[in-house]
Amino acid sequence: MTGMIFADSLSRLGTESAFMVLARAQKLAAQGKDIINLGIGQPDFRTPDHIVEAGIKALRDGHHGYTPANGIPALREAVAADLNARHGVEVNPDNVVVVPGGKPTMFFAVMMFGQPGVEIMYPNPGFPIYESVIRYSGATPVPISLEEKNGFAFSAEDVLSKITDRTRLIIINSPANPTGGVTPKEEIDKLVAGLLDHPHVALMSDEIYSQMLYGGREHVSLLQYPEIRDRLIMLDGWSKTYAMTGWRLGYAVWPDAAVDHVTRLCINDHSCVNAPTQYAGLAALTGPQDAVRDMVAQFDARREVIVRELNTLPGISCTDCGGAFYAFPNITGTGLTAKQAQDRFLDEAGVATVAGTSFGARGEGYLRFSYANSTENILEAMARIRKLL
Ligand code: PLP
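Residues numbered from 1 in each chain as written. Predicted model: local features only at pLDDT ≥ 70, side-chain atom pairs only at ≥ 80, totals over all residues. Heavy atoms only, no water.

**Some thoughts on the overall build of the chain**
Stated formally: In this description a helix means any DSSP run of H or I spanning at least four residues, a strand means any run of E spanning at least two, and both kinds are numbered starting from the N terminus. Restricting the calculation to C-alpha atoms gives the radius of gyration, and the globule rule supplies 2.2 Å times the number of residues raised to the power 0.38. For every residue, the accessible area obtained with a 1.4 Å probe (protein chains only) is divided by the maximum for its type, and the residue is called buried under 20%, exposed over 50%, and partly exposed between those limits. Contacts are assigned to residue pairs with any non-hydrogen atoms lying within 4.5 Å of each other. We get accessible surface area from the Shrake-Rupley algorithm with a probe of 1.4 Å; when it comes to residues, only the shown protein chains can shield them.
Helix and strand counts for the chain come out as twelve helices and twelve strands. Here the chain has a C-alpha radius of gyration of 21 Å; the compact-globule value for 389 residues is 21 Å, and the two agree. Dimensions of the chain, computed from the C-alpha atoms along their principal axes, are close to 60 × 55 × 55 Å. Each of the 389 residues in the chain was classed as buried or not, and the buried ones make up 57%. Restricting the contact set of the chain to residue pairs at least 6 apart, pairs at least 24 apart contribute 75%. Of the roughly 16300 Å² of accessible surface on the chain, a fraction of 52% belongs to carbon and sulfur atoms.

**Points about a nonpolar patch on the surface**
Basically, it comes down to this: Patch definition: residues with relative accessible area over 30% and no salt bridge; like charges joined within 9 Å; nonpolar side chains (Val, Leu, Ile, Met, Phe, Trp, Tyr) joined within 5 Å. A pairing counts as a salt bridge when a side-chain nitrogen of Lys or Arg comes within 4 Å of a carboxyl oxygen of Asp or Glu.
A cluster of nonpolar side chains, namely Met4, Phe6, Leu10 and Leu13, defines an oily patch on the protein surface of about 410 Å² accessible area. Looking at the element boundaries, phenylalanine 6 is found in the segment before α1 (17-30). Looking at phenylalanine 6, the relative accessible area reads 53%, which means it is exposed.

**Describing the sheet that holds strand β4 (residues 140-145)**
Selection criterion: The pairing criterion for strands is at least two bridges between them, as found by DSSP. Under this scheme, a helix contributes an axis fitted over its contacting stretch, all axes are lines through C-alpha atoms, and angles between N-to-C directions fall in the 0 to 180 degree range.
One open sheet accounts for seven strands, arranged β2-β8-β7-β6-β5-β3-β4; its pairing is mixed. Both edges of this open sheet fall to β2 (96-99) and β4, since each of them pairs with a single strand only. Neighbouring strand axes in the sheet, compared pairwise and without regard to direction, differ in orientation by 20° on average. Of the pairings in the sheet, the one linking strand β3 (residues 119-124) to β4 comprises six bridges and is parallel in character. The partner of asparagine 124 across the bridge, within β4, is serine 145. The strands that helix α3 (residues 73-87) touches are β2, β7 (232-237) and β8 (250-253); relative to β8, the one it contacts most, it runs at about 65°.

**Examining the nonpolar core**
Where we set the bar: For the purposes of this section, nonpolar cores are sets of buried Ala, Val, Leu, Ile, Met, Phe, Trp, Tyr and Cys residues that join through side-chain atoms within 4.5 Å. Each domain span listed reflects an automatic or database assignment of domains.
One finds Ile170, Trp238, Trp254 and Phe369 to be the most contacted residues of the largest nonpolar core, which totals 123 residues. For this core, the element with the most residues is helix α10 (residues 290-310), which contributes eight residues. Shared between two domains, this core holds at least three residues of each, these being domain 1 (8-46 + 290-388) and domain 2 (65-286). Setting aside residues up to four positions removed in sequence, tryptophan 238 forms contacts with Leu75, Val79, Ala243, Met244, Leu249, Gly250, Tyr251, Gly281, Ala284 and Leu285.

**Side note on the pattern of salt bridges**
Two side chains with opposite charge may pair up if their charged atoms get near one another. Counted by the stated rule, this structure contains 25 salt bridges. The partner of aspartate 236 in a salt bridge is arginine 86, with the nearest N and O atoms 3.2 Å apart. One end of the pair, aspartate 236, is in strand β7; the other, arginine 86, is in helix α3, with 150 residues separating them in the sequence. According to the relative accessible area criterion, aspartate 236 is buried, its value standing at 1%. One salt-bridge network, held together by shared partners, links Arg24, Lys339, Asp343 and Asp347.

**Section: the packing of aromatic side chains**
Put simply, the rule is: Classification of ring pairs rests on two measures: the distance between centres of Phe, Tyr or Trp rings, Trp counted by its six-membered ring, which must be within 6.5 Å, and the angle between planes, read as stacked under 30 degrees, edge-to-face over 60 and tilted in between.
With the rule as written, the count across this model stands at 14 aromatic pairs. A centroid spacing of 5.1 Å and a plane angle of 5° characterise the contact between phenylalanine 328 and tyrosine 366, whose relative ring orientation is stacked. Of the two residues, phenylalanine 328 sits in the loop between β9 (326-327) and α11 (338-349) while tyrosine 366 sits in the loop between β11 (354-355) and β12 (367-370), which places them 38 residues apart along the sequence. For the pair phenylalanine 328 and tyrosine 366, one class covers both residues: buried. Through pairs of rings, three or more aromatic residues link up here, namely Phe45, Tyr209, Tyr214, Phe299, Phe325, Tyr326 and Tyr371.

**Digging into the domain arrangement of the chain**
Basically, it comes down to this: The term buried area denotes the loss of accessible surface (1.4 Å probe radius) that occurs when two parts are joined, taken as the sum for both partners.
Segmenting the chain into domains produces domain 1 (8-46 + 290-388) and domain 2 (65-286). Centre-to-centre, using C-alpha coordinates, domain 1 lies 25 Å away from domain 2. With both chains or domains summed, domain 1 and domain 2 bury close to 3100 Å², and 57% of this area falls on carbon and sulfur atoms. Interface area lost by domain 1 to domain 2 is led by Cys321, Phe359 and Arg362, which between them contribute 20%. The tally of links from domain 1 across to domain 2 stands at one salt bridge.

Here is the structure:
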């Protein structure tokens, strides 16, 4: 019992269930159970050595103080150069704001536009933090349905049809968590063309999986559309690409009109990203990229294995979406709900996965498998689930 009276807004804040599944899986493992973790969305690789060394060197060189709130200039310049090399676009380093991970950008973007009476669109099933933060801000969340029959890509027509004069922000994510869906260029072209009729609507494109596409698919960055650069927030970062989830480093390219607002949010929230991590991030962007290529090649090989195996399990079918490092099979044929499957696979087969409903109501009937684990473990997990089913 407590006499404290919390703010009502807290009751609207959601969470990311993958972290709870991880905690449960770790607890079971600590009790001696043999758990294969296909739940958490982080690369199972170490951060490449030259990046780790750059972080250590920065500490030794005395980079112990605050940096500019938006990030050290050399890092923001390296981000601009990297975006130029990867997407063929010009980015002014002054529009780049470095933050502790991918999440702060989405939090700040939603806080910048969200308030009671306005609408913010977000993908469903999608990364759970979008809906959580939209609700927290007091805005009304308007789901963009992602459907298996479209390879979990959004339909521009559907998105555009939901815009009202209260819409302030549209969030899109390709390649996507939790589905692995990659939205084709034609849909993005259509969305951008349609947005020209709605100049009051901002767009946040979460491109954190921009380097993780398979089967000849190529990433399309929203930065490649100059006609919406004045209202585009493009989120990317180091967590997934360089296996740096625990370092907490991400960035976004913000439109001119939003840069001062987001910088003030950074100053109010965290002052700056810790200095050695920024130097590590600089080494990641300017150093050799072989480790990224190797990691993506390994994900690609595992993707083939997991999609093939999932399609041989009774009651389960899996579309090969081709992005990120997630498979999102349809499990309706098992007769289990997403939550029942998540719990039984963990408790009875020792395989951690995440229920599709953790990513929004429209994830019912699906389960997220992260293939950031060895092929051997993936095969063993499939064998255990086969036995259970
Ligand atoms: N965006 C998406 C779509 C993600 O899946 C994740 C992490 O899972 C993030 C952003 C957040 O990344 P970070 O760990 O850098 O905050």
